[in-house]
Structures are given as structure tokens and as C-alpha cells.
Amino acid sequence: MKKQGKTILEYTLLIILACIFIFPLLWMIFSSMKPEEAIYVDMSSIKALLPSLHPSDWLETYKTLFARFNVPQYILNSIVYAVVITVGSTIVNAMAGYAFAKFEFRGKKFLFGLLLVLLIVPVETIIITQFTVVHTLGILNTRLAVVLPMMANMFFIYLFRNFFMAVPDEIIESVKLDGANYWIIFWKIMLPMSKPAVATVGTLSFIASWNDYLWPLMVLTDTEKFPLQVAITNINTTQPVYTNQVMAILTISTIPLIIVYIVAQKYILQGLGGSGTGIK
């Protein structure tokens, strides 16, 4: 009986916690599906969590938003940045993790120790240095300036290194006897055996790129190259500002993240929970 009561209490608390997190999301979505004045009229009632009672109003806000702003261009920019960063980050960090896991070279332990130290350094402390490097390279206000600094990530290298360490050396040696070089081993053996790490790094890279606001704002001045997150600020400050339109653009920016996380949730849990244990 005690166990049953404990289970009921746990599920009750989890449901309450889920409602607390879901409430702002539902309010955002349904506020984008009703007229501006209805948002404030319904604020103090349960109607705040319901869309407009007139289905014809549901997409009207989105039509107006797309008419006022070049939203498709902003979405396309974000998709391009996120895809390039996701693919590039997976390859670059996987190769670095492969080197730390399976190669022997001078200064390997020192470099890996330095890598672990850099894990605790906040990104904000090096962002000015990154900006200086980008300025020196002469790539400011280009798409390359947005994606290049986000390719390498200390945590992702550490994650891949732990997964690759779990791959037995005997497998690599047997493949070498068949004439495979390190590049073939990397593509044909290491990456396929580390799918949870690839999915985890890919998903986290996509989310980080999609949500990134500060860095694109620093390196871009051409509004046509702005990602969606930077464009949201412009939409939120361009007079007249309509709350339902702000909620609409926030809903659009949230949908891809939800989809990506739902699809890759299983692999993320395996990647973060099984890193370095040999779990595949």
C-alpha cells in the first residue's frame, strides 16, 4: 500500500511539473491563433489556453506576419546555418575524438588535459577573441563567420573520444590487415559503431545553432543573412508591435526544436548515459 501511495505521489508531482513547463508553450501557441485584443481579454480565464473560437482566425496572424516580414528568408538562413554546423560539427569533433582515442602522439595527455580545463570556461569569456579572429580573417558579415566558430566544441570532442575508446583495438587491427587506412577505419568502423554519439552531437549542435542569438548578431550586419533568432528581435521591436505576431514567430522557431528532439530523444539518452561505457 505504501509503495502504491508513493507511486501515486510521484506521478502527481511529475504531472504538476509537466504542466508548469507546458503552460507557457500552450499559451504561446494559442495566443498566435487569436486576434490581438482577444489575448488580453482572455488573459485571466481558461480561454488563455484555447485558440480563437473562430477557425478562420487561426492562420490570420501568420498570414499578416509573413506579409510584414521576410520570414521565409529568416527560416531558410537558420536551416542553412543549423545543417552546416550540425554536419561540420559532427565530422570535426569526431575526427578530433578519434585522434585522442586511438592515436599516439607527443603532447597528447597535455592537450587532452587542456581540453578538459576549457570545458569549464564560459563561452562569453572567449567571444571577443573569436570576434577578433573572424575580423582578422576578413570574413565579417559573411555566412562563414556564423558557422565556422561553432564547428569545434570541447564537450563534443570529449564525448566522441569516450565512445571511440570503447571500440576494441582488435577490430581496428583486423581491418588494417585487410588493407584499410585510418580514413576508411574512421568512416566505416568508428562512426557506425558510435551512432548514439553522432545523434547526440548532431542534435545538440542543431539546437545550439538554431537558438544562437548573440554570435550572429555580432558578426552580421546584412539583415538578409540574419537567422530566425536575430530576426525575432527585429520583429519584436518594429513598430507597431503585435503580441500575437510575436507569439507566432516564436511558435515557428520552436517547432523544429521539438521535432528534432522527439526524433533523436532515444539516441540522446544513450549518448549521454552510455558515453565511455561501450553501450551502443
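We now turn to the structure provided with this report.

The rules behind each value
Each chain has its residues counted from 1, following the order in which its sequence is written. With pLDDT at 70 or above as the cut-off, local features in this predicted model cover only qualifying residues; side-chain atom pairs require 80 or more to be listed or tallied, and sums for whole chains, interfaces and linings still use all residues. The basis for the side-chain values is all heavy atoms of the structure; hydrogens and waters are excluded. Each helix is a run of DSSP H or I of at least 4 residues and each strand a run of E of at least 2, with the numbering of both proceeding from the N terminus. We compute the radius of gyration over the C-alpha atoms and compare it with the globule rule, which gives 2.2 Å times the number of residues raised to the power 0.38. Each residue gets one of three labels from its accessible area relative to the maximum for its type: buried under 20%, exposed over 50%, partly exposed in between, using a 1.4 Å probe on protein chains only. It only takes one pair of heavy atoms within 4.5 Å for two residues to be counted as in contact. Per-residue accessibility takes into account occlusion by the displayed protein chains alone, with areas from the Shrake-Rupley method and a 1.4 Å probe. Only four residue types enter the tally: Lys and Arg on the positive side, Asp and Glu on the negative side; His and the chain ends are excluded. By convention, the charge on Lys lies at NZ, on Arg at CZ, on Asp at CG and on Glu at CD. Buried residues of nine kinds, namely Ala, Val, Leu, Ile, Met, Phe, Trp, Tyr and Cys, make up a nonpolar core once their side-chain atoms join them within 4.5 Å. Axes here refer to lines fitted to C-alpha atoms; in helices the fit is confined to the stretch in contact. Angles between the N-to-C directions go from 0 to 180 degrees. Between 65 and 115 degrees an angle is taken as roughly perpendicular, under 35 as roughly parallel, over 145 as roughly antiparallel, and anywhere else as oblique. Ten residue types, Ala, Val, Leu, Ile, Met, Phe, Trp, Tyr, Cys and Pro, are classed as nonpolar, four, Asp, Glu, Lys and Arg, as charged, and the remainder, Gly among them, as polar. When the centres of two rings from Phe, Tyr and Trp lie within 6.5 Å, Trp using its six-membered ring, the rings pair. Their planes under 30 degrees apart give stacked, over 60 give edge-to-face, and anything left gives tilted. Charge-over-ring contacts are defined here by two conditions on Lys NZ or Arg CZ: a distance within 6 Å of the ring centre and an angle within 35 degrees of the ring normal. The salt bridge criterion pairs a side-chain nitrogen of Lys or Arg with a carboxyl oxygen of Asp or Glu, the two atoms within 4 Å.

## A closer look at the overall build of the protein chain
- A count of helical and extended segments in the protein chain gives 14 helices and zero strands.
- Secondary structure elements of the protein chain, listed N to C terminal, follow the sequence α-α-α-α-α-α-α-α-α-α-α-α-α-α.
- A globule of 280 residues ought to have a C-alpha radius of gyration of about 19 Å, yet the protein chain, at 23 Å, is considerably larger.
- Along the first, second and third principal axes, the C-alpha atoms of the protein chain reach 70 × 70 × 35 Å.
- The 280 residues of the protein chain split such that 37% are buried.
- Here the analysis covers contacts within the protein chain between residues at least 6 apart in sequence; of these, 76% occur between residues at least 24 apart.
- Of the roughly 16,200 Å² that the protein chain leaves accessible, carbon and sulfur atoms contribute 71%.
- Charge centroids of the protein chain, computed over 19 positive and 15 negative side chains, lie 10 Å from each other.

## As for the nonpolar core
- With 31 residues, the main nonpolar core has L65, V71, L228, I249 and I252 as its most contacted residues.
- Residue assignment for this core shows that the elements contributing at least two residues are α3 (60-68), α4 (71-102), α6 (127-137), α7 (143-147), α11 (195-211), α12 (214-219), α13 (228-237) and α14 (243-273).
- Looking at this core, the element that brings in the most residues is α4, giving six residues.
- Beyond its immediate sequence surroundings of up to four residues, L228 is in contact with Y74, I75, S78, W210, I249, I252 and S253.

## Observations concerning unusual backbone geometry
- Cis geometry marks the peptide bond from Q239 to P240, where omega comes out at -5°.
- Within the secondary structure layout, P240 lies in the loop between α13 and α14.
- A positive phi angle, close to 60°, is found at N141, a residue other than glycine.
- As for its position among the elements, N141 is in the loop between α6 and α7.
- Residue N141 is classed as partly exposed on the basis of its relative accessible area, which comes to 23%.

## Considerations on the packing of helix α8 (residues 154-165) against α11
- Where α8 meets α11, the axes come as close as 10 Å, and the angle between the chain directions of the two elements is 170°. The orientation of α8 with respect to α11, classified from their angle, is roughly antiparallel. Contact residues: α8 offers F155, F156, L159, F160 and F163, while α11 offers P196, A197, V198, T200, V201, L204 and S205.
- Of the residues assigned to the contact of α8 with α11, the class counts are ten nonpolar, two polar and no charged.

## Details of the environment of L144
- Tracing the chain through its elements places L144 in helix α7.
- When neighbours within four sequence positions are excluded, L144 is seen to be in contact with I139 and P149.

## A look at the packing of aromatic side chains
- Counted by the stated rule, this structure contains 13 aromatic pairs.
- Site record: aromatic cluster; members linked through ring pairs are Y98, F103, F160, F164, Y182, W183, F186 and W187.
- Above the ring of F112, the side-chain terminus of R161 is found at 4.2 Å from the ring centroid.

## Quick word on the side chain of E36
- On the secondary structure map, E36 appears in helix α2 (residues 36-41).
- With no salt bridge to any partner, buried E36 finds its closest opposite charge in R68, at an N-O distance of 8.7 Å.
- With near-sequence residues (within four places) excluded, E36 lies in contact with V241, Y242, T243 and N244.

## Regarding the side chain of T90
- The topology assignment puts T90 in helix α4.
- Residue contacts for T90: discarding those within four places in its chain leaves I85, F160, V198, V201 and G202.

## Some words on the pattern of salt bridges
- Enumeration according to the criterion identifies four salt bridges in this entry.
- A salt bridge links K34 to D42, with the shortest nitrogen-to-oxygen separation between them at 3.4 Å.
- Classification of K34 by relative accessible area gives buried; the value is 2%.
- Between E173 and K176 there is a salt bridge; the shortest N-O distance is 3.9 Å. Linking E173 with K176, this pair stays in helix α9 (residues 169-177), spanning three residues, or about one helical turn.

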